[in-house]
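Here is how the chains run, residue by residue.
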Amino acid sequence: MKNTHLEHLEDNIMNDGSQGGREAIAFLRSLGDMLDQGAEDTRVTVKWDGAPAVICGIDPQKGDFFVGTKSVFNKVSPKICYSEEDVDKIYPPGQLADKLKASYRYLSKLPIRGVVQGDLLFTDDKYVATIGGDRCIAFTPNTITYAVPVKSPLGQTIQTAKLGIVFHTTYSGSTLDTMAASFGANVPGDADVFVASAEFSNASGEANMTLTDKARYNALINRAEGSLRQSSKFLDLMKGDDKFSLNYMFKIFFNRYVREGKSGMTVRNTAMDFAKYFSDALDKEIASKKTKKTQDKYLQIKTNGLRFISANSNSIYMTVASYYNLQAAKQFMINKLQKVNTFGTFLRTDDGYRVTAPEGFVAIRSGRALKLVDRLEFSRANFTAAKNWDKQ
């Protein structure tokens, strides 16, 4: 199992139906216990907005150090670089190749045991900027700009480093293609490599729950649990494996809301909007087909789907309500966790820098992990922002 993709907490009900709903509720309750009582059955890591993902370490078969992106785990033609020369052979000239060569040059000197995964924060692209009146050392690996005062001890460490990275995953196994992922990685940095911590710590107590916080949070979870009880049978019924299965369509539908920056939509209007989205998506599919036989196939899928949606309008309503209720409880937790923040986080705009929240967090429980991300804040920016590195 490779750590190549994490799902949003609320999407768990689309992926795993009623079981996914129960799991999401368990995650939320456990997170509340963690802040309230220091419970240890759930870990939280900080989700840094680094890019690209870097896989590196010792090849268990060859015994040589390597670097690469997630393409290291390609089933066909894995891209594994055992030297800077390999990077030039595998990747065309560009920012990604330059970053991988820097990764090999500096990470190969660290005492990395086994294979680890991290997100690159900077190489030679960090810079000094005046942000909020402070002279800061800053870097923008992907969407978010991270900044810390130049004169601070942390700022001085970053300013002299040649590369910055945050490690978050360790792999174990006898071959690269069969390795299994576990969350967490313990790799020390050195003078050339700044290694940021992915571990969330509430040592200062800034994210502690007050009695009022606890009551509000539990009420949000109870509301989500109530709507899930009414939608659970339908969540299992709509599961499917093709692109026009309702669970798959719902995920794309909600992602579209994020891209468009839609917020404050009522449950009823969202449910009605989904029916139209389903119909429009099938119309587009029908129009793309050249033969009448294939057109009739998708016309039948549309007819059956709309009939099913109409016959289950109340269940559709409760499914949307469950999704929104999970988002509300998740957002409350994100707001608490965000109170602990070492770095300033900003979005670059035409007018300068706008304060933004960190990318989010990852909750880990019983070997499973789910993303806690403010999708209207970060995900929309991530969908629409230009990247500082080229994806190859």
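Residues numbered from 1 in each chain as written. Predicted model: local features only at pLDDT ≥ 70, side-chain atom pairs only at ≥ 80, totals over all residues. Heavy atoms only, no water.

**A closer look at the overall build of the protein**
Helix and strand counts for the protein stand at ten helices and 14 strands. Taken against the 2.2 N^0.38 rule, which gives 21 Å for 392 residues, the C-alpha radius of gyration of the protein at 23 Å falls within 12% of a compact globule. Its C-alpha atoms put the protein at 65 × 60 × 45 Å along the principal axes. Residues classed as buried in the protein amount to 51% of the 392 residues present. A separation threshold of at least 6 residues defines the contact pool for the protein, and within that pool the share at least 24 residues apart is 69%. Placing the 52 positive and 43 negative side-chain charges of the protein at their respective mean positions leaves the two points 5 Å apart. (Helix = DSSP H or I, 4+ residues; strand = E, 2+ residues; numbered from the N terminus. Rg over C-alpha atoms; globule rule 2.2 N^0.38 Å. Buried < 20%, exposed > 50% of the residue type's maximum accessible area, 1.4 Å probe, protein only. Contact = heavy atoms within 4.5 Å. Lys, Arg positive; Asp, Glu negative; His and termini not counted. Charge placed at Lys NZ, Arg CZ, Asp CG, Glu CD.)

**A few points about the pattern of salt bridges**
Close approach of charged atoms lets side chains of opposite charge pair. Per the counting criterion, the structure on display carries 23 salt bridges. Close ionic contact of Glu 23 with Arg 368 constitutes a salt bridge, the shortest N to O distance being 2.9 Å. Separated by 345 residues along the polypeptide, Glu 23 in helix α1 (residues 12–37) and Arg 368 in strand β14 (residues 368–373) bring together distant segments of the chain. What makes Glu 23 buried here is its relative accessible area of 16%. (Salt bridge = Lys/Arg side-chain N within 4 Å of Asp/Glu carboxyl O.)

**Examining the sheet that holds strand β13 (residues 360–365)**
Across the sheet, three strands lie side by side as β1-β13-β14; this open sheet has antiparallel pairing. Since the sheet does not close on itself, it has two edges, and those belong to β1 (42–47) and β14, each with one partner. Looking at each pair of strands side by side, their axes are set apart by 25° on average, direction ignored. Sheet topology places β13 next to β14; six bridges connect them, and they run antiparallel. The residue bridging Phe 361 from the neighbouring strand is Leu 372, located in β14. Sitting on the sheet, α1 is in contact with β1, β13 and β14, with an inclination near 75° to β14. (Pairing = 2+ DSSP bridges. Axes fitted to C-alpha atoms, helices over the stretch in contact; angles between N-to-C directions.)

**Considering the pairing of β13**
Most of β13 is tucked away: five of the six residues are buried. Pairing geometry for β1 and β13, over six bridges, is antiparallel. Counted as the bridge partner of Arg 43 is Ile 364 from β13. Turn length for the β13-β14 hairpin, with the two strands adjacent in sequence and antiparallel, is two residues, and the turn residue Ser 366 shows positive phi of about 55°.

**Some remarks on the nonpolar core**
Membership of the largest hydrophobic core comes to 54 residues, with the highest contact counts inside it found for Phe 250, Leu 326 and Leu 337. When contributions to this core are tallied by element, the ones reaching two or more residues are α1, α5 (211–237), α6 (246–260), α7 (267–288), α8 (292–311), α9 (313–337), β13 and β14. By residue number, the principal contributor to this core is α9, which donates twelve residues. Setting aside residues no more than four positions away along its own chain, Leu 337 makes contact with Met 34, Leu 35, Val 44, Phe 200, Ala 207, Phe 361 and Leu 372. Ranked by size, the runner-up nonpolar core spans 23 residues in total, among them Tyr 91, Ala 97, Leu 110 and Ile 165. (Core = buried A, V, L, I, M, F, W, Y, C linked by side-chain atoms within 4.5 Å.)

**What about the sheet that holds strand β12 (residues 352–355)?**
Note: strands within a sheet are paired through backbone hydrogen bonds, in either parallel or antiparallel orientation. Spatially, β5-β6-β7-β11-β12 is the arrangement adopted by the five strands of the open sheet, whose pairing is antiparallel. Edge positions in the open sheet fall to β5 (127–131) and β12, since each of these has one partner strand only. With strand direction ignored, the average angle separating the axes of adjacent strands in the sheet is 45°. Looking at chain direction, β5 and strand β6 (residues 134–139) are connected through five bridges and run antiparallel. Pairing of Ile 131 across the sheet is with Asp 134, part of β6.

**Examining the packing of aromatic side chains**
Evaluated as defined, the whole model comprises 26 aromatic pairs. Look at Phe 200 and Phe 361: their rings are 6.0 Å apart centre to centre, the planes differ by 90°, and that puts the pair in the edge-to-face class. With Phe 200 in the loop between β10 (193–196) and α5 and Phe 361 in strand β13, the pair connects residues that are 161 residues apart, well separated along the chain. As far as burial versus exposure is concerned, Phe 200 and Phe 361 are alike and both buried. Each ring, one from Phe 253 and one from Phe 274, has its centre 5.3 Å from the other, and the planes form 80°; the classification is edge-to-face. Placement of Phe 253 in helix α6 and of Phe 274 in helix α7 is noted, with a sequence separation of 21 residues between them. Over the face of the ring belonging to Tyr 82 we find Lys 62, whose NZ or CZ atom lies 3.9 Å from the ring centre. (Phe/Tyr/Trp six-rings, centres within 6.5 Å; stacked < 30°, edge-to-face > 60°. Lys NZ or Arg CZ within 6 Å of the ring centre and 35° of its normal.)

**Brief notes about the packing of α7 against α8**
Relative orientation of the contacting elements α7 and α8 amounts to 175°, with a least axis distance of 9 Å. Comparing the axis directions of α7 and α8 gives the class roughly antiparallel. In this structure, α7 uses Phe 274, Ala 275, Phe 278, Ser 279, Leu 282, Asp 283, Glu 285 and Ile 286 to contact α8, whose residues at the interface are Gln 295, Tyr 298, Leu 299, Ile 301, Lys 302, Gly 305, Leu 306 and Ile 309. (Parallel < 35°, antiparallel > 145°, perpendicular 65-115°, else oblique.)

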